[in-house]
Amino acid sequence: MKIKLVYFGRPREQLKIANETADVPESLSTLAELLVWLRARGEEWARELAENRVRCAINQEFSGLAARIGDQDEVAIFSPISGG
Amino acid sequence: MSISIQEHDFDVAAEMAALRHGSSKTGALVSFVGLVRDFSKDDRIENIFLEHYPGMTENALDKIIREATLRWNLLGTRVIHRIGLLLPNDQIVLVATAAQHRGEAFASCEFIIDYLKTAAPFWKKEQTDHGGQWLETRDSDIQRMEHWIKTEKPA
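Read on for an overview of the structure. (Residues numbered from 1 in each chain as written. Chains lettered and ligands numbered in written order. Predicted model: local features only at pLDDT ≥ 70, side-chain atom pairs only at ≥ 80, totals over all residues.)

1. A few points about the environment of R10 of chain A
- The topology assignment puts R10 of chain A in helix α1 (residues 10–14).
- C-beta crowding within 10 Å serves as the criterion here: with 21 such atoms nearby, R10 of chain A is assigned to the buried category.
- In this structure R10 of chain A touches E48 and S79 of chain A together with W134 of chain B, once residues within four positions along its chain are discounted. (Helix = DSSP H or I, 4+ residues; strand = E, 2+ residues; numbered from the N terminus. Buried ≥ 20, exposed ≤ 12 C-beta atoms within 10 Å, placed from the backbone. Contact = placed C-beta atoms within 7 Å.)

In structure tokens, the structure reads:
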């Protein structure tokens, strides 16, 4: 399935990527599983996408790691927010 | 209700004047302006860089203001948040509220900035003389928001 990934904050800077469309295995069903799949891209990915480092949103709604992902979803991966 | 996310600076006096003229029933205007500090722990801040999530950030601010409008009888609100590169003493954020009486204006202004800190997707990177680091949501900000969640309706 196709997932649009967008990155903000620290992972955007460290991984040098703002957005991409990823073709992910149909077997992935949750955000947690998507992160495991992305961490396999290499050492930097494993470090930057560690569970205690990132927060996520699905289709622009904050989502916990157990949330389900689906084809054509927009998944955002970012460091904890710090506005104001 | 009006929300802006912008790189350029804002004029607090002009914004307050616009809010003042929004309703003849207004008896109280309150504003909060957040600024870039020049220190972080023991380091000197050279600049900060702010980014947001276009679409989601506007929706989050919209939801925060609607929630404030449900809690208090507001006659107007204005939120401006800057993004991009900012220097010490620059204005980062404006939250302004208009109401008939000061109690509602004070409380709603504080509520909106506390809620924004914990629920609006912005990211802030601080550049100091010892390097750069992305800031994270502070525990004290989360505690302030938890206080609002516990007090569902205004006192």
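What follows continues from the structure just given.
2. Notes on the packing of helix α2 (residues 56–71) of chain B against helix α3 (residues 102–119) of chain B
Residue and element names in this part refer to chain B.
- At a minimum axis distance of 10 Å, the contact between α2 and α3 shows a crossing angle of 150°. By the angle between their axes, α2 is roughly antiparallel relative to α3. Crossing handedness for the pair α2 and α3: right-handed. In contact with A60, L61, I64, I65, A68 and R71 of α2, α3 contributes S108, F111, I112, Y115, L116 and A119.
- Within the contact of α2 with α3, the residues separate by chemical class into 10 nonpolar, 1 polar and 1 charged. (Axes fitted to C-alpha atoms, helices over the stretch in contact; angles between N-to-C directions. Parallel < 35°, antiparallel > 145°, perpendicular 65-115°, else oblique. Left-handed = near helix turned anticlockwise from the far one by under 90°. Nonpolar A, V, L, I, M, F, W, Y, C, P; charged D, E, K, R; others polar.)

3. Considerations on helix α2 (residues 31–39) of chain A
All names here are of chain A.
- L31, L34, L35 and L38 are the residues of α2 that are buried. Here the buried residues of α2 occupy an arc of 100° about the axis, which is enough to place them on one side.
- Packed against the buried residues of α2 are α3 (43–48), β3 (55–58), β4 (61–63) and β5 (74–78). (Arc of directions from axis to C-beta.)

4. A short note on the sheet that holds strand β1 (residues 2–6) of chain B
All names here are of chain B.
- Strands sit in the order β1-β5-β7-β2 across an open sheet of 4 strands; the sheet is mixed. With one partner strand each, in any of the chains shown, β1 and β2 (28–35) form the two edges of the open sheet. Ignoring strand direction, the axes of neighbouring strands in this sheet form an average angle of 5°.
- Pairing analysis gives 5 bridges linking β1 to strand β5 (residues 74–82), with the strands arranged parallel. Looking at β5, one finds that S2 is bridged to R78. (Pairing = 2+ DSSP bridges.)

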